[in-house]
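# Analysis of the macromolecular model
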Amino acid sequence: QFMSKQWAMIVGFGLTLNAVSVFAAGEAKPKADLAKGQAAAITCVACHGGDGNCAIAINHRLAGPHPEYITKQLMNFKSGERNNAIMKGMVAVLATDEDMKNVAAFYAAQKPRPGIARDQALVDIGQKIYRGGDIAAGVPACAGCHSPSGAGIPAQYPRLAGQMKEYTYAQLRAFKAGERANDNAAMMRTIAGRLSEKQMEALAEYVSGLQ
């Protein structure tokens, strides 16, 4: 009987610890606060727009991408892993990881405006590479990682659909030149290094029209 009581106490204690652990785990991952994110994003408006659908061609459209991706970029800018003097200064006001997650959640919740591809000749070239790669050059299909629709894969590969041509082209060139060191840099540098300038431009044109 004593052993039964002792066993019951041990089981009960274990269940209590488990409940505390579950509660603590829940506390460790609070939901992002969109209102706080919107307030913190006030410094982002001039370059990225109030809803993330920026009109400046060379800037990243923030409406719609996965929040994990935006959070990672903000952290990388802050740490210097992704080198950009302007962005490093902007993220300095985001004091905590929670601040960055709130901003990311706010922009991810915004509806992206559809992009428009204008050069059909470039679209045709870009579509072939995006969907089928360039076997001769050893370039895999972009759709394999970024999905056929350009929506990407959360926390792994970013959304490309609707990004303005100039921004995507600039990022491909940065990978090719070895200037960008985050986001699967080794793989992206290899791929971009095997693309011609025209192919990079064509891919950028094609994804700008994906929805």
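You'll find the structure just up there.
Nothing here was measured: the structure is a model prediction, and the numbers come from that model. (Residues numbered from 1 in each chain as written. Predicted model: local features only at pLDDT ≥ 70, side-chain atom pairs only at ≥ 80, totals over all residues. Heavy atoms only, no water.)

Further remarks concern the overall build of the chain. Helix and strand counts for the chain stand at 11 helices and 0 strands. Starting at the N terminus, the α and β elements of the chain follow one another as α-α-α-α-α-α-α-α-α-α-α. Per-residue burial over the chain gives 38% buried out of 211 residues. For the chain, the share of sequence-separated contacts (at least 6 apart) that also reach a separation of at least 24 residues comes to 66%. Working note: accessible area of the chain is about 11900 Å², and carbon and sulfur atoms make up 61% of it. (Helix = DSSP H or I, 4+ residues; strand = E, 2+ residues; numbered from the N terminus. Buried < 20%, exposed > 50% of the residue type's maximum accessible area, 1.4 Å probe, protein only. Contact = heavy atoms within 4.5 Å. Areas by Shrake-Rupley, 256 points an atom, 1.4 Å probe, with all protein chains shown as cover.)

So, on to the environment of Lys 78. Within the secondary structure layout, Lys 78 lies in helix α4 (residues 67-79). For Lys 78, the contacting residues outside a window of four places in its chain are Lys 88, Val 91, Ala 92, Leu 94, Ala 95 and Met 100.

Applying the stated rule across the entire model yields 6 salt bridges. Note that Asp 51 and Arg 113 form a salt bridge whose closest N and O atoms lie 3.7 Å from each other. Here Asp 51, found in the loop between α3 (45-48) and α4, pairs with Arg 113, found in the loop between α6 (97-108) and α7 (120-132); they are 62 residues apart in sequence, far enough to count as distant. In this structure Arg 113 comes out as partly exposed when scored by relative accessible area, which is 48%. Across the salt bridge formed by Glu 201 and Lys 165, the nearest N and O atoms sit 3.0 Å from each other. With Glu 201 in helix α11 (residues 197-208) and Lys 165 in helix α9 (residues 165-176), the pair connects residues that are 36 residues apart, well separated along the chain. Via salt bridges that share partners, Lys 72, Arg 180 and Asp 183 belong to a single interconnected network. (Salt bridge = Lys/Arg side-chain N within 4 Å of Asp/Glu carboxyl O.)

Evaluated as defined, the whole model comprises 2 aromatic pairs. Plain terms: the ring middles of Tyr 130 and Tyr 206 are 5.5 Å apart, the flat faces sit at 55° to each other, and that makes the pair tilted. Taken together, the positions of Tyr 130 in helix α7 and Tyr 206 in helix α11 put the pair 76 residues apart, joining distant regions of the chain. There is no split in this pair, since Tyr 130 and Tyr 206 are both buried. (Phe/Tyr/Trp six-rings, centres within 6.5 Å; stacked < 30°, edge-to-face > 60°.)

If you check α11, its first and last C-alpha atoms are 17 Å apart, about what 12 residues at 1.5 Å a residue would give, namely 16 Å. Most of α11 sits inside the fold, with 9 of its 12 residues counted as buried. On the buried face of α11, the contacting elements are α7, α9 and α10 (185-193). (Expected span 1.5 Å × (residues − 1).)

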